[in-house]
Amino acid sequence: MFRPSSRIASGLLASAAVLAALSMQAPAYADDVYLCTGPNGVPEYRNSGNVKGCRKLTLPDVVTVPGTRSPRSAGAAPTPAPSSSNAGGAFPRVDSATQKARDSERRQVLEAELAEEERKLQGLKTEYNNGQPERQGNERNYQKYLDRTAQLKSDIERSQANVDSIRRELGNLKE
């Protein structure tokens, strides 16, 4: 049976003692935290409580869990993120007939959205009546009328922006 010499044994014992001391070192948050009342009664957090009106806080221990590596990334080098120059090569190619069908379908959807938004915009403009919409029965209070008028104006602006956006998107489509 193998027995280490006393010199090796004392070296191992010293190494074990150092390892034990390192593993029991004080945590990083070991400084005390004090809650003090600052000027104008504003609470302040400090690491020293040598000022009047400070009290030491008892904080819970911080628990940390080391992360684990996935089996795939443990031995393999990290894969670089695709840059703008080679991003097209990573995606599957679609034949031109399929792409034209998709573009055609997209154009139809955008044209339907444009028609619906234009119809909505026209209805809002008719109701707005150049800033003088007709008063409704529940608007005896003049402020309610003004609020509805302002809401109509913002709805018209939003709807006009939507129409412009859809037209711009249609203009960007390839023929």
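Higher on the page you've got the structure.
In short, a report on the structure. On a predicted model such as this, the values are computed, not experimentally measured, just so you know.

On to the overall build of the protein chain, then. The number of helices and strands found in the protein chain is four helices and three strands. Looking at the 175 residues of the protein chain, the share that counts as buried comes to 15%. Sequence separation of at least 24 residues holds for 44% of the intrachain contacts in the protein chain that already meet a minimum separation of 6.

Located in the positive-phi region is Asn129, a residue other than glycine, with phi close to 55°. On the secondary structure map, Asn129 appears in the loop between α3 (96–128) and α4 (142–172). Note on Asn129: relative accessible area 40%, which makes it partly exposed. Backbone geometry at Asn130 places phi at a positive 55°, although glycine is not the residue there.

Another point: the state of the cysteines. Counted under the stated rule, the structure contains one disulfide. Disulfide pairing is shown between Cys36 and Cys54; the S-S distance is 2.0 Å. Every disulfide takes its handedness from the sign of the S-S torsion; for Cys36 and Cys54 that torsion is 115°, giving right-handed. Linking Cys36 in strand β1 (residues 33–37) with Cys54 in strand β3 (residues 54–57), this pair joins segments that are 18 residues apart in sequence. On the accessibility criterion, Cys36 (2% relative accessible area) is buried.

Looking now at the side chain of Glu139. Relative to the helices and strands, Glu139 is located in the loop between α3 and α4. From its side chain, Glu139 meets the backbone nitrogen of Gln136 in a polar contact 3.0 Å long. With residues up to four places along the chain from it excluded, the contact list for Glu139 reads Glu134, Lys144, Tyr145 and Arg148.

Because each turn of an α-helix spans 3.6 residues, side chains separated by three or four positions end up pointing in the same direction. When the terminal C-alpha atoms of α3 are compared, their 47 Å separation across 33 residues agrees well with the 48 Å that a helix rising 1.5 Å per residue should span. Every buried residue of α3 is listed here: Leu110, Leu114, Glu117, Leu121, Leu124 and Tyr128. For α3, the secondary structure elements touched by its buried residues are α4. Of the residues one or two after α3, Asn129 is the one with positive phi, at around 55°.

Accessibility expressed as a relative area gives 4% for Glu139, which makes it buried. At 2.4 Å, the side chain of Glu139 forms a polar contact with the side chain of Arg148.

On to the packing of α3 against α4. α4 packs onto α3 with a crossing angle of 155° between their chain directions and a minimal axis gap of 9 Å. By the angle between their directions, the pair α3 and α4 is classed as roughly antiparallel. By crossing handedness, the relation of α3 to α4 is classed as left-handed. Taken together, the residues that form the contact of α3 with α4 break down as 10 nonpolar, four polar and 14 charged.

Here is the key point about a regular strand: its side chains alternate between the two faces of the sheet. Here four bridges tie β1 to strand β2 (residues 43–46), and the two strands are oriented antiparallel to one another. Bridged to Tyr34 within β2 is Arg46. Between the antiparallel neighbours β1 and β2 lie five residues, among them Asn40 with a positive phi of about 65°.

Rules and cut-offs
- Every chain begins its residue count from 1, and numbering advances along the sequence as written.
- With the structure being a predicted model, the display of local features is reserved for residues of pLDDT at least 70 and the display and counting of side-chain atom pairs for 80 or more, all residues being used for whole-chain, interface and lining totals.
- Hydrogens and waters are ignored; side-chain quantities use all the structure's heavy atoms.
- In DSSP terms, a helix is any run of H or I states spanning at least four residues, a strand is any run of E spanning at least two, and both are numbered starting from the N terminus.
- Burial classes follow relative accessibility: with a 1.4 Å probe on protein chains only, a residue under 20% of its type's maximum area counts as buried, one over 50% as exposed, and anything between as partly exposed.
- Contact criterion: two residues are considered in contact whenever any of their non-hydrogen atoms come within 4.5 Å of each other.
- Two cysteine sulfurs form a disulfide in these notes if their separation is within 2.5 Å.
- Any pair of N or O atoms that falls within 3.5 Å is considered a polar contact. Within protein, one atom must be able to donate a hydrogen and the other to accept it, and sequence-neighbouring residues count only if both atoms are side-chain atoms.
- To estimate the expected span of a helix, count its residues, drop one, and scale the result by 1.5 Å.
- Interaxial angle, 0 to 180 degrees, is taken between N-to-C directions of lines fitted to C-alpha atoms, where a helix line uses only the stretch in contact.
- Oblique is the label for any angle not under 35 degrees, not over 145, and not in the 65 to 115 range, which are roughly parallel, roughly antiparallel and roughly perpendicular in turn.
- Each crossing gets its hand from how the near helix is turned against the far one by less than a right angle, where anticlockwise is left-handed and clockwise is right-handed.
- Three classes are used: nonpolar for Ala, Val, Leu, Ile, Met, Phe, Trp, Tyr, Cys and Pro, charged for Asp, Glu, Lys and Arg, and polar for all others, with Gly counted as polar.
- Strands were regarded as paired on the criterion that DSSP finds at least two bridges between them.

The analysis is restricted to geometry; functional conclusions fall outside its scope.
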